[in-house]
Each structure stands twice: as structure tokens, then as C-alpha cells.
Amino acid sequence: MWQGLANLAWSYASLARCDESLFLPLGDEVASRLRSCNAQELANTAWAFAVSDVRSHTLFGSNSDFIAVCSEVDWNNKQLCQLHQWSLWREEVMATSRLAAKDGASKEGRSGSANSSFADCEDERIGCDWPGLPESLQHRAKLAFSSSKLCPSRMQTTVRYALESLGLSVAEEVRNAEGYSLDLAVEWGGVRVGVEVDGPSHFLGDGRPTGSTMLKRRQLRRFGWCIVAVPYFDWEAVRNGTDDRFEQRAAECSYLASLLDEATGLRTHASGDGWVAIDCTSLRRDDDAAWEWDRARGWDEDDLPSYVDDGEADPCLAPPDAGALAEQPAESTDPPSMGVRPVL
């Protein structure tokens, strides 16, 4: 029975079905069975609630056995990763709950009917009382999460080349302080932007992001990152619009500039009526390097879609330096290695 509840929670969260009317009763039922659970069931349930962002105080509050049971079971690395994401979610809940309680107490005081127990009651209602994992377990969970293998895909590489063609300094596989890895990171108009290159495993059959992808994006935004997602189906459509390598790179750059403008709320000269210089010197070198990379692994040119993971990169631990777009005046003479086009 318990395993069925845990599997139900995990399945709904994976499908990004985050219905409060399902998760709240589920949390109440699970809370009464905590002592009979194993590590996998605990991890799946905790992760599912983190994805759904449904706050079950019966399951995670001060009167629950959740933390005590977590301290007693043995965990594998995958379960520890799920537990770390739950711990990050708890911090999110605690932060927003304190702000809400403080704001509520302030409004109550201004109304002239202050109640000394208001903040305490409000805290209990919205989650300020949730206990955290023991320090040793929290450290193990974060270490497992931060040590996950990093495998950049060919699609990620082509996106990086296009960002570099826009004149941006690109960092790859950037680890943040909480252990998340961003595929690519740039600065756009002074704003730090994480670029997530999302292949088929990040999406459901109807094109919506999976629960896991939603959780990552939400938590990264909470940690101060502006996130741009590049879905594989959009990227393939952009690249397949032409067989000309320069026109293809120009289309990639235009697409990425539009995404970056939209995500940051900026209007750079890349999205205006001016001209943007696109560095095309890497096109031939990039093609040769990609082919050598595939051939060394015994793949034919048509064997591997651009979104399939095909390598491993060392994590980059620091945010990138600021990049800049290079603007090309309309009346200037184009150097041989530069392609100049208006971005519409």
C-alpha cells in the first residue's frame, strides 16, 4: 500500500500533474505510514512534493516523523539527489513562509487588532516550522547531487557555437552553490543568464516540460538565475530551415538573441533595426571537430541526432565574464571572416 502511494506521487509529479487536491490528501495518508517506508519510497515522495510545490504540513511539519525516519534509513546516490532537491524546496518554503507571515503580521498590526499569536499561527499554517535534515545527511545529499556526471550533447555544442558567434563569452556546465549544473551561462545586457539545452528527455509527449525539468528551472530562478530554455524541436526547426551554413548560423543567432531579449526583458541592438556582426570563422572548424568527435566513437555522420548526449565535460565553477555584442555599422566594409546581416 505504501509503495503504491509513493509511486502514485512520483508518477503524477513526473508528468507535471501538480494538483493540490491530489497531493494534500496523499500527504495526510503518507504521514500516517512513515514508519513503514524504505529509502526509495521516502525519496520518491519527498521529490514529488518538491516538484508539485504543494505544502503538506502533516507530512513535513514539526509534528511529523519524516526527518526522524530519514535519519534511520540507508540511502543510495540517486535517492540522496532527490533528498537534496527536497531540502532546497524546504528552504524555498521557509523563505516564502516567513515573508508571508511577516507581511500578515504587519497588516494585522496596522489594522489596529494586533494579535500576539498571529505570526505563530500563520507560520504553522504556511510552513515556517518545517524541520530540516540532520547536517550530516544534508551534506551527503548535497555532495551526491553536486557529483553527478556531466554529459554535454552535440546540440549543446552547436548552441554554444552560436552564442559565441554573437560575441558572447560562454561558460559550459556551470555549477552553482546549491549543486545544480547549468548547460551554458552568458551575460546579456548585464544580466546573468543560464541557457538550458533541452533534449527529448526533458519533455512529455504533448511538448510540456517534465516535472524534473520544471523543478530545476524553478529552483535555479530562485537562486537568482535568469533561465532561457532551448527545446530540441525549436532548435532543429531553426537549423533545418536552410542548407547554407552561414544562413543557418545567422538563423541560430537571431533565434537565441530573441530568446535572451525576451527572458531578460531587454531590447538589445540585436533585436532592433541595426546590423549585427556574426563571427563565422568557426563554422568550418566546428564541423570538422564535431565529425572527428563522432568518428572517434565509431559513429557515422547520420547516426546521432544533435540532442543525444555524446561526451562529458568538466564542470565550470564560476559564473562567466560579461560578454558583449559587436555592432557593425551599415556603412563599413565587412572583413572576410565576418558575416553581417540585419536581425529582424
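This is a predicted model, so every value here is computed, not measured.

**Digging into the pairing of strand β2 (residues 181-188)**
Of all the eight residues making up β2, eight are buried; the element is thus mostly covered by neighbouring parts of the structure. As paired strands, strand β1 (residues 171-175) and β2 are joined by four bridges and run antiparallel to one another. Among the inter-strand pairings, Val-174 is bridged to a residue of β2, identified as Leu-182. With antiparallel pairing between neighbouring strands as the criterion, β1 and β2 make up a hairpin whose turn holds five residues, including Gly-179 at a positive phi of roughly 100°. Sheet analysis places β2 next to strand β3 (residues 191-198), joined by five bridges and oriented antiparallel. Considered in β3, the bridge of Trp-188 is made with Val-191. Linking β2 back to β3 in an antiparallel pair, the connection comprises two residues, with Gly-189 at a positive phi of about 60°.

**Regarding the packing of helix α11 (residues 232-239) against helix α12 (residues 245-264)**
Their axes nearest at 8 Å, the elements α11 and α12 cross at an angle of 140°. Taken together, the axes of α11 and α12 are oblique relative to one another. For the pair α11 and α12, the contacting residues are Asp-234, Trp-235, Val-238 and Arg-239 in the first and Gln-248, Ala-251, Glu-252, Tyr-255 and Leu-256 in the second.

**Thoughts on the packing of aromatic side chains**
Taken as a whole and judged by the stated rule, the model has 13 aromatic pairs. For the pair Phe-66 and Trp-86, a centre-to-centre distance of 5.0 Å together with 50° between the ring planes defines the contact as tilted. Taken together, the positions of Phe-66 in helix α5 (residues 66-70) and Trp-86 in helix α6 (residues 77-110) put the pair 20 residues apart, joining distant regions of the chain. Residue Phe-66 is classed as buried on the basis of its relative accessible area of 3%. Judged by relative accessible area, which is 0%, Trp-86 ranks as buried.

**Some points on the pattern of salt bridges**
The tally for this structure, following the rule as stated, stands at twelve salt bridges. The salt bridge involving Arg-160 is made with Glu-164; its shortest N-O contact spans 3.3 Å. With Arg-160 and Glu-164 both in helix α9 (residues 154-165) and four residues apart, this pair spans about one turn of that helix. For Arg-160, a relative accessible area of 19% translates into the label buried.

**A short note on the nonpolar core**
Formed by 51 residues in total, the largest nonpolar core has its most connected members in Leu-42, Phe-60, Phe-66, Cys-70, Trp-75, Trp-86 and Trp-89. Counting residues per element, this core draws most heavily on helix α3 (residues 39-52), which supplies nine residues. Residues in contact with Cys-70, not counting those within four places in the same chain, are Leu-42, Trp-75, Leu-83, Leu-133 and Leu-137. Listed in part, the 24 residues of the second largest apolar core include Leu-166, Cys-226, Tyr-255 and Ala-257.

Parameters at a glance
- Residues numbered from 1 in each chain as written.
- Predicted model: local features only at pLDDT ≥ 70, side-chain atom pairs only at ≥ 80, totals over all residues.
- Heavy atoms only, no water.
- Buried < 20%, exposed > 50% of the residue type's maximum accessible area, 1.4 Å probe, protein only.
- Helix = DSSP H or I, 4+ residues; strand = E, 2+ residues; numbered from the N terminus.
- Pairing = 2+ DSSP bridges.
- Axes fitted to C-alpha atoms, helices over the stretch in contact; angles between N-to-C directions.
- Parallel < 35°, antiparallel > 145°, perpendicular 65-115°, else oblique.
- Contact = heavy atoms within 4.5 Å.
- Phe/Tyr/Trp six-rings, centres within 6.5 Å; stacked < 30°, edge-to-face > 60°.
- Salt bridge = Lys/Arg side-chain N within 4 Å of Asp/Glu carboxyl O.
- Core = buried A, V, L, I, M, F, W, Y, C linked by side-chain atoms within 4.5 Å.

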